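If you want the building blocks of each chain, they are given just below.
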Amino acid sequence: MASRNGLNPKIRGPKGVGYGRALPAAFGFGNGIVTNANGYLSIPAFIGANVTTPISFELWTKISSIFNYSWCGIKFNYSSYNMHFNIDARGGAATHDSGSAITFPTGIYNHIVSFFDPTITDTSKPNIGTIVNAYPGGYDTPGYCPSIALFPTYPVSVMNVCGDVSGTELNPYPMDEFRIYNKVLSLEEISSNYNNGLGSNPSITENLLAWYKFQEFETLDFSRLQDGSDMRLGIRDYSGKNNHAQAISLDTNPTSGTYSLQPF
């Protein structure tokens, strides 16, 4: 028992939100990913899944010129209808071969957030869009795309990162901090993640489906039960969902001059 004269003070235990939890690692750009030849990353856990909720894709990239390449491609399993969604340097958020021409700033880090929302069928509300550098009018102001509302669900047949849905587009410029969410990010959340161009850890984590930091290639467990039955080389998912990305035709040798992970 503590005395009243202050000679034997009672030490109070720490309390409050976060007590006993590890602090998140400080944010910082490390390596980014570039593709060689026709290499890309595939996310096997998403293939065969049905998209019924909004999806947002977030990434950082630094480009020197506009080129024929993609940062992400997702294709849906409709054999009679070429339904896909690409995030690329030509059309940003493109669906069913639609999109608009863009000119991203060159020589700087660009923060890109693209989304589509299959639950929106009201033409007065946006169901697709891309926001660059936290400026909502910076490119492809959110709008309505009729092809997004054609079906009640979207079965995924292809999910590629650092490549288009065909896996044939070269990406010669580095990309980092690729994240997928099952919601449309608000402007406040986008601005927080943009952090005046400095970048930040995600302001929300409960809606993360995947988060790739591209620090190194690792042999990871791709099995749904995480029982070690499906070990492949890829990029770790930091969302905690174990949706790791598999390396396809990428240079995974750190001593190679064309190693796919380079300082961002």
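Computed from a predicted structure; not experimentally measured. (Residues numbered from 1 in each chain as written. Predicted model: local features only at pLDDT ≥ 70, side-chain atom pairs only at ≥ 80, totals over all residues. Heavy atoms only, no water.)

*Asks:* Looking at this structure, I do not really get the nonpolar core. What am I missing?
*Replies:* Ranked by internal contacts, the top residues of the largest apolar core, which has 42 residues, are Phe57, Phe178 and Phe214. Not counting residues within four places of it along the chain, the set of residues in contact with Phe57 comprises Cys72, Ile74, Phe85, Ile87, Ile112, Val113, Ser114, Phe116, Met159, Phe178, Arg179 and Ile180. Among the nonpolar cores identified, the runner-up in size contains 12 residues, and Ile131, Leu185, Ile190 and Trp211 belong to it. (Core = buried A, V, L, I, M, F, W, Y, C linked by side-chain atoms within 4.5 Å. Buried < 20%, exposed > 50% of the residue type's maximum accessible area, 1.4 Å probe, protein only. Contact = heavy atoms within 4.5 Å.)

*Asks:* Looking at this structure, I do not really get the pattern of salt bridges. What am I missing?
*Replies:* Any two side chains of opposite charge can pair, on the condition that their charged atoms come close. What the rule picks out here adds up to six salt bridges. Residue Arg179 pairs with Glu58 through a salt bridge whose shortest N-O separation is 3.2 Å. Within this pair, whereas Arg179 is found in strand 11 (residues 175-181), its partner Glu58 is found in strand 4 (residues 55-62), the two being separated by 121 residues in sequence. Given a relative accessible area of 0%, Arg179 falls into the buried group. Judged by relative accessible area, which is 0%, Glu58 ranks as buried. (Salt bridge = Lys/Arg side-chain N within 4 Å of Asp/Glu carboxyl O. Helix = DSSP H or I, 4+ residues; strand = E, 2+ residues; numbered from the N terminus.)

*Asks:* Would you mind showing me how to read empty space enclosed by the protein here?
*Replies:* Left-over empty space is what a probe sized like a water molecule reveals as it rolls over the atoms. Scanning the model with the defined rule gives one cavity of 30 Å³ or more in all. As a volume, the largest cavity reaches approximately 30 Å³. Considering the residues around the largest cavity, the lining is formed by Phe214, Gln215, Glu216, Glu218, Ile235, Arg236 and Tyr238. Its residues assigned to classes, the lining of the largest cavity comprises three nonpolar, one polar and three charged. (1 Å grid on protein atoms, 1.4 Å probe; cavity = no way out; pocket = protein on both sides within 12 Å on 5 of 7 lines; lining within 4 Å. Points joined across faces, edges and corners; volume = space filled by probe spheres on them. Nonpolar A, V, L, I, M, F, W, Y, C, P; charged D, E, K, R; others polar.)

*Asks:* Explain the layout of surface pockets here, please?
*Replies:* In this structure, the largest pocket occupies an estimated 220 Å³ of space. Taken together, 16 residues make up the lining of the largest pocket; nearest its centre are Phe46, Ala49, Val51, Ile55 and Leu209. Put simply, the parts of the chain that give the lining of the largest pocket at least two residues each are strand 3 (50-51), strand 4 and strand 10 (154-161). For the lining of the largest pocket, the residue count by class is 10 nonpolar, five polar and one charged.

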